[in-house]
Amino acid sequence: MNKSYLATVVYRTIKLSVAYCILFSLLLLSSCGKKGTTTETAYDSLAIKYTIISTLAHDPKAFTQGLVIFNNKILESTGQDDSWIAEVNPASGEQDKKVTLNEQYFGEGITVLNNKIYQLTWTSKVGFIYDASTYKQLGEFTYATQGWGITNDGKNLIMSDGSEKLYFLDTTTLKVNHSIIVMDGNSPIKKLNELEYINGAVYANIWETPLIVKIDPATGKVIGRLDLSLITSEIHQLYPGADVLNGIAYDANSKAILVTGKFWPKAYLLKIK
């Protein structure tokens, strides 16, 4: 083979390779402009970022309905077949049970206001009031809806019933003085569950989802979203018996939020940004 023929072959090979590269680049650019080919995630202006500070033990037999931090103690309420209110040991997840409901009641959320614990029940339409120091029952109150989650703004009790509404109860009469409809844009947000009042906003678990929404209590408008999909995915992969995310407690001293779920063996301490 002479040198001139070899040079011609090399030249044509290089030219053909360049042509293929240009063609491939054009096809790639063209496909990027087509709908449905991008893998970018849409930016959520309401997304709340967080970091995990630590994890705590949680009783995997606890069907968590309410979670509160009061006087540097974690208080938890449960439902289903074993409804109780207890102080929870953060190291072991074990409880010092103070109140166990009669089996006719399905326990729901709790909140503490003016040294009183207010507890809801699910379909019985009755709530219970206890002394927060002694756990002695002080009274009862009734409501017209189901009872799901409860918190307070320092003046009113704020209650959810699994719908898109939040109810504000006067602590003197224990009757609803007004309600709001929670809206995310133009869409009502149903299945509002466990509640926590944090720095002027209501945070609510949305039942059967990994989402916690931040709500303006004056308007009902959703002003933030805390997506805990990574945490719930980890829990369900490691512990197949775990149920849904439910439980929000705010620690005013550390400015951290404690979250857990029904039958979860862990609770997570988060710092939100």
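You'll find the structure just up there.
Just so you know, these numbers come straight off a predicted model, no measurement behind them.

Peer 1: Break down the overall build of the protein chain for me, with residues and values.
Peer 2: Each helix and strand counted, the protein chain has 2 helices and 22 strands in total. Per-residue burial over the protein chain gives 44% buried out of 273 residues. Surface accessibility of the protein chain: about 14800 Å² in total, with carbon and sulfur atoms responsible for 55%.

Peer 1: Can you explain the nonpolar core? Please cite residues and give values.
Peer 2: Grouped together as the largest cluster of nonpolar side chains are 18 residues, with contacts concentrated most on Tyr203, Ile212, Leu228, Val259, Trp264 and Tyr268. Taken together, the elements giving at least two residues each to this core come down to strand S17 (201-206), helix H2 (229-238), strand S20 (245-251), strand S21 (256-261) and strand S22 (266-272). Among the elements that take part in this core, S20 stands out by supplying 3 residues, more than any other. Apart from residues no more than four positions distant in its own chain, Tyr268 is found in contact with Ile52, Ser54, Thr55, Ile231, Glu234, Ile235, Ile257, Leu258 and Val259. Counting 15 residues, the second largest nonpolar core, distinct from the first, contains Phe70, Leu75, Ile85 and Tyr135.

Peer 1: Any details on the packing of aromatic side chains? Residues and values, ideally.
Peer 2: A full pass over the atoms with the stated rule returns 8 aromatic pairs. For the ring pair Tyr118 and Phe141, a centre distance of 6.2 Å and an interplane angle of 70 degrees mean the geometry is edge-to-face. With Tyr118 in strand S7 (residues 116-121) and Phe141 in strand S9 (residues 137-142), this residue pair connects regions lying 23 residues apart in the sequence. Plain terms: the ring middles of Phe141 and Tyr143 are 5.9 Å apart, the flat faces sit at 50 degrees to each other, and that makes the pair tilted. Accessibility classification places Phe141 together with Tyr143 in one group, the buried group. For the cation-ring pair, Lys262 lies above Phe63, with the distance from its terminal atom to the ring centre recorded as 4.2 Å.

Peer 1: Can you lay out the pairing of strand S6 (residues 107-113) for me, pointing to particular residues and giving the numbers?
Peer 2: Burial within S6 is extensive, with 7 of its 7 residues counted as buried. Pairing of S6 with S7 involves 5 bridges; the strand directions are antiparallel. Pairing of Val112 across the sheet is with Ile117, part of S7. The antiparallel hairpin formed by S6 and S7 contains 2 residues in its connecting segment, where Asn114 sits at a positive phi of about 55 degrees.

Peer 1: So what's going on with the sheet that holds strand S5 (residues 95-100)? Which residues, and what values?
Peer 2: Strands sit in the order S2-S3-S4-S5 across an open sheet of 4 strands; the sheet is antiparallel. Edge positions in the sheet fall to strand S2 (64-70) and S5, since each has one partner strand and no second. Taking the axes of each pair of neighbouring strands and ignoring which way they run, one obtains an average angle of 20 degrees across the sheet. Inspection of the sheet shows S2 paired to strand S3 (residues 73-78) by 6 bridges, in the antiparallel sense. By the bridge assignment for S3, Ile69 is matched with Ile74.

Peer 1: Summarise the side chain of Ser163; cite the residues concerned and give the values.
Peer 2: Tracing the backbone through its elements, the reader meets Ser163 in the loop between strand S11 (156-160) and strand S12 (165-170). A polar atom in the side chain of Ser163 sits 2.5 Å from the side chain of Asp161. Residue contacts for Ser163: discarding those within four places in its chain leaves Ile189, Lys190, Lys191 and Leu192.

Peer 1: Describe in detail the pattern of salt bridges, supporting the description with residues and values.
Peer 2: Under the defined criterion, the tally for this structure stands at 8 salt bridges. The shortest N-O distance in the salt bridge between Asp44 and Arg225 comes to 2.5 Å. Of this pair, Asp44 sits in the loop between helix H1 (3-32) and strand S1 (50-57) while Arg225 is found in strand S19 (residues 222-227), placing the two residues 181 residues apart along the sequence. Asp44 sits in the partly exposed class, given a relative accessible area of 29%. Salt-bridge contacts for Lys97 lead to Asp82; the nearest nitrogen and oxygen are separated by 3.4 Å. You can see Lys97 sitting in strand S5 and its partner Asp82 sitting in the loop between S3 and strand S4 (84-88), a full 15 residues away along the chain. When salt bridges that share partners are traced, they join Asp44, Asp184 and Arg225 into one network.

Peer 1: If you had to explain unusual backbone geometry to someone new, which residues and values would you point to?
Peer 2: A positive phi angle, close to 50 degrees, is found at Asn199, a residue other than glycine. Tracing the chain through its elements places Asn199 in the loop between strand S16 (192-198) and S17.

How each quantity is defined
Residues numbered from 1 in each chain as written. Predicted model: local features only at pLDDT ≥ 70, side-chain atom pairs only at ≥ 80, totals over all residues. Heavy atoms only, no water. Helix = DSSP H or I, 4+ residues; strand = E, 2+ residues; numbered from the N terminus. Buried < 20%, exposed > 50% of the residue type's maximum accessible area, 1.4 Å probe, protein only. Areas by Shrake-Rupley, 256 points an atom, 1.4 Å probe, with all protein chains shown as cover. Core = buried A, V, L, I, M, F, W, Y, C linked by side-chain atoms within 4.5 Å. Contact = heavy atoms within 4.5 Å. Phe/Tyr/Trp six-rings, centres within 6.5 Å; stacked < 30°, edge-to-face > 60°. Lys NZ or Arg CZ within 6 Å of the ring centre and 35° of its normal. Pairing = 2+ DSSP bridges. Axes fitted to C-alpha atoms, helices over the stretch in contact; angles between N-to-C directions. Polar contact = N/O pair within 3.5 Å; in protein donor to acceptor, adjacent residues only side chain to side chain. Salt bridge = Lys/Arg side-chain N within 4 Å of Asp/Glu carboxyl O.

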